[in-house]
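# An overview of the molecular structure
Below are the chains, spelled out letter by letter.
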2 protein chains.
Amino acid sequence: MKLRYAVLGLLSLEPHSGYDLGRAFAGSVAHFWYADQSQIYRLLDDLDAEGAITTEVVRQNGRPDRRVHSLTETGRHELDDWLRSPLDVQRPKNAFLARLFFAGSLGPDHIRRILDEAEQLVTDSREQLRTIEHSATTLDEVIQNATLQFGLSHAETTLTWIAETREAVASFERGTPDD
Amino acid sequence: MKLRYAVLGLLSLEPHSGYDLGRAFAGSVAHFWYADQSQIYRLLDDLDAEGAITTEVVRQNGRPDRRVHSLTETGRHELDDWLRSPLDVQRPKNAFLARLFFAGSLGPDHIRRILDEAEQLVTDSREQLRTIEHSATTLDEVIQNATLQFGLSHAETTLTWIAETREAVASFERGTPDD
DNA sequence: GTCCTATATAGGACTTTTCAAGTATGAGTT
DNA sequence: AACTCATACTTGAAAAGTCCTATATAGGAC
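What counts as what
Residues numbered from 1 in each chain as written. Chains lettered and ligands numbered in written order. Predicted model: local features only at pLDDT ≥ 70, side-chain atom pairs only at ≥ 80, totals over all residues. Heavy atoms only, no water. Domains from an automatic or database assignment. Contact = heavy atoms within 4.5 Å. Buried area = accessible area lost by both parts, 1.4 Å probe. Salt bridge = Lys/Arg side-chain N within 4 Å of Asp/Glu carboxyl O. Polar contact = N/O pair within 3.5 Å; in protein donor to acceptor, adjacent residues only side chain to side chain. Nonpolar A, V, L, I, M, F, W, Y, C, P; charged D, E, K, R; others polar. Pairing = 2+ DSSP bridges. Helix = DSSP H or I, 4+ residues; strand = E, 2+ residues; numbered from the N terminus. Axes fitted to C-alpha atoms, helices over the stretch in contact; angles between N-to-C directions.

Our next topic: the domain arrangement of chain A. When the parts of a complex come together, some accessible area is lost, and that lost area is often taken as the interface size. Residues and elements named next belong to chain A. Here the domain parsing of chain A yields domain 1 (2–84) and domain 2 (95–173). Between the C-alpha centres of domain 1 and domain 2 the distance comes to 30 Å. With six residues of domain 1 in contact, the opposing surface of domain 2 contributes seven residues. In total, about 420 Å² of surface goes out of reach between domain 1 and domain 2, with carbon and sulfur atoms giving 61% of it. Where domain 1 packs against domain 2, one counts zero salt bridges. At the junction of domain 1 with domain 2, the criterion picks out one residue pair in polar contact (both at pLDDT 80 or more). When the residues that make up the side of domain 1 that touches domain 2 are grouped by side-chain class, the tally is three nonpolar, three polar and no charged.

The structure is reproduced here in structure tokens:
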């Protein structure tokens, strides 16, 4: 139940409404987590019932009320426990790599098409990462900036790898496969 | 339902039993997909019922029977359709980055501990990737090798990034934050 | 002889995630 | 006046994924 900790974490930085959280998962933290809004609101209900967060209704002029949630001591404690617990092994799921892995039977042209498509997606996501504002004056900002840098570095690595893979396919076609 | 395509893909390379698939997801394709054993067997039942795969019982001496599954024309067609369909945007879930992102309040020492732990996991997974055999004499092998290389490149990038992040944290501690 | 590991499959019970639709408010637009 | 958009939250249903236990066979270690 990692979403639980991602939400507690975001609330530890500052109070959020469900809607705010939804936008965070679509933007500022999208490079490492995503959640559907229906999941977010249901989780917030649970967290509130358990006493991990509090809820305050904030009236707005010209817009629906916001239900703004803050971390309680209990919630803060639960977050800390998670932050201190051992990391478990990641089990990546990468649909793009899966597709590439099995695409051999469709031939080199199709592989190139898949690589082109991936290049476009990675370029786009890199641009999206670049729009996320960052500074590094507090420790929080230093590490948040680092996670952003992680995304950017991996995007660059992917782009380089795409070029290399294109070359490996071309090389195979020329009849001089390189290992 | 990506697991479905991963299974169809593996069966397109050669017939597998449920057990074989489980080992593939724990080994040769673990760098891009994983599935629990119970999920695999249930999916195989579905695929068989739908006619996407066939099942042949193979008796073994000294071991339980194997139920070996092969792709049918229908299954092959479904796999091809998926391979030709547009890639959808990836929504990464990275528990390690999530943890780091929120770990600021625990201080620099704890951040270093998280980075150390991550370094160990990445080093281990890189070693595991290196044990996967690879050659590049067929097109299938060229691209399968490329997905392996993807994992290795990203592991290297992560290790470099860990070192940089350690330095950013140290630099912050010395009172000279770099952006 | 008991224990551990590996092979091989099955199923219950549950949690997590996604998809889809719907409610409501008000601002700006055509 | 009807429409579209953004904000803000809710609910039903299904799909996907996890955890755990159970069944059965057999080799090797202790």
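On we go from here.
Our next topic: the sheet that holds strand β3 (residues 66–71) of chain A. Residue and element names in this part refer to chain A. Strands sit in the order β1-β3-β2 across an open sheet of three strands; the sheet is antiparallel. Looking at the sheet topology across the chains shown, the edges are occupied by β1 (16–17) and β2 (53–58). Examined bridge by bridge, β2 and β3 share six bridges and lie antiparallel to one another. Pairing of Thr-55 across the sheet is with His-69, part of β3. Of the strands in this sheet, β2 and β3 touch helix α3 (residues 37–50), which is tilted by about 115° from β2.

On the chain A side, the residues contacting the 74 residues of chain B number 74 residues. Both faces combined, the contact of chain B with chain A buries some 7100 Å², and carbon together with sulfur accounts for 69% of it. On inspection of chain B and its partner chain A, the count reaches 20 residue pairs in polar contact (both at pLDDT 80 or more). Elements represented by at least two residues in the side of chain B that touches chain A include exactly α1 (2–13), α4 (73–84), α5 (95–102), α6 (108–131) and α7 (139–173) of chain B. Of the residues forming the side of chain B that touches chain A, the biggest block, 19 residues, is contributed by α7 of chain B.

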